[in-house]
Amino acid sequence: MTNEDIKKDNLQNDDIDMKEENLDVNDEAEVDASDDEKYQGLMDKFMRLQADFSNCKRRTEAQKSEYVELGVKKIANDLLPVIDNFERALDSIVDKDSTYDGILMIKNQLTDVLAKDGIVEMDALGKEFDPMYHHAVLTEDSEEYDSGYVIEVLQKGYLINDKTLRPAMVKVSQ
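Just so you know, these numbers come straight off a predicted model, no measurement behind them.

## Looking at the sheet that holds strand 3 (residues 150-155)
Next up, step 1: Here we have three strands laid out as an open sheet, ordered 2-6-3, and mixed in their pairing. Looking along the sheet, the strands with just one partner apiece sit at the ends: strand 2 (134-140) and strand 3. Taken over all neighbouring pairs, the strand axes of this sheet differ in orientation by 30° on average, direction set aside.

If you want it as structure tokens, here you go:
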């Protein structure tokens, strides 16, 4: 073998080594690319799970709040006739004695308890009739009010956080 043959053989071996090194680098690049894809896939799954958890937590809190509000409404609707009866009892007492004062204190205490939960009496007398707040059971001619105004409240209405809990039963002017 001549020097030239040896040089050619060395060059060919170097080319083969370079090709193998390039293959190794390409294999590493493929491994890095596949690792990046796996990482991105896992990150996407993680982000979706985190969003799902956040949405579930928000829905659960909203449902819990709705259940509490429903319970308050149910109890309040059961207590409103009791308040009505206290008012009837107060109206029937002629002599304003200690019995009257005792009944008035109990009624006020009950309305204060309801007010803590946002339940307040609706002001209807003299207001324009609104079917969202009033239930008209009678109509009557009135010289004091224009047509379509509440002239008498037959049963008080109540609001819970500015929403109608029980509409007021009213007499409306014609």
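## Points about the pattern of salt bridges
Next up, step 1: Under the counting rule described, the total for this entry stands at nine salt bridges.
Next up, step 2: Ionic pairing is found between Asp-78 and Lys-74, a salt bridge with its closest N-O pair at 3.8 Å. In this pair, Asp-78 and Lys-74 both sit in helix 1 (residues 3-92), four residues apart, roughly one turn of the helix.
Next up, step 3: The closest approach of N and O atoms between Lys-107 and Glu-87, which form a salt bridge, is 3.6 Å. Placement of the pair is Lys-107 in helix 2 (residues 98-116) and Glu-87 in helix 1, with a sequence separation of 20 residues.
Next up, step 4: Using a relative accessible area of 13% as the deciding quantity, one classes Glu-87 as buried.

## Description of the nonpolar core
Next up, step 1: The biggest cluster of nonpolar side chains holds nine residues, and these are Ala-76, Leu-80, Ile-83, Leu-110, Leu-114, Ile-119, Tyr-158, Ile-160 and Leu-165.
Next up, step 2: For this core, the secondary-structure elements that each account for two or more residues are helix 1, helix 2 and strand 4 (158-160).
Next up, step 3: The dominant element in this core, judged by the number of residues it contributes, is helix 1, at three residues.
Next up, step 4: Each residue touching Ile-119, except ones within four places of it in the same chain, is listed here: Val-72, Ala-76, Leu-114, Tyr-158, Leu-159, Ile-160 and Leu-165.
Next up, step 5: Counting seven residues, the second largest nonpolar core, distinct from the first, contains Met-122, Val-150, Val-170 and Val-172.

So, how was this worked out
- Numbers given for residues are sequential positions, taken from 1 along each chain in its written order.
- Totals for whole chains, interfaces and linings use all residues, but because this is a predicted model, local features are given only for residues with pLDDT of at least 70 and pairs of side-chain atoms are given and counted only at 80 or more.
- The basis for every side-chain value is the complete set of non-hydrogen atoms in the structure, without hydrogens or water.
- In this description, strands pair whenever DSSP reports at least two bridges between them.
- Numbering of helices and strands starts at the N terminus; helices are DSSP runs of H or I of at least 4 residues and strands are runs of E of at least 2.
- Note on method: axes are straight lines fitted to C-alpha atoms, helices fitted across the in-contact stretch only, with angles between N-to-C directions ranging 0 to 180 degrees.
- Criterion for a salt bridge: a side-chain nitrogen of Lys or Arg within 4 Å of a carboxyl oxygen of Asp or Glu.
- Buried means the residue's accessible area, taken with a 1.4 Å probe over protein chains only, is under 20% of the maximum for its type, while exposed means over 50%, and partly exposed covers the values in between.
- Nonpolar cores were defined as sets of buried Ala, Val, Leu, Ile, Met, Phe, Trp, Tyr and Cys residues, with membership established by side-chain atoms within 4.5 Å.
- Whether two residues are in contact is decided by their heavy atoms, any of which lying within 4.5 Å being enough.

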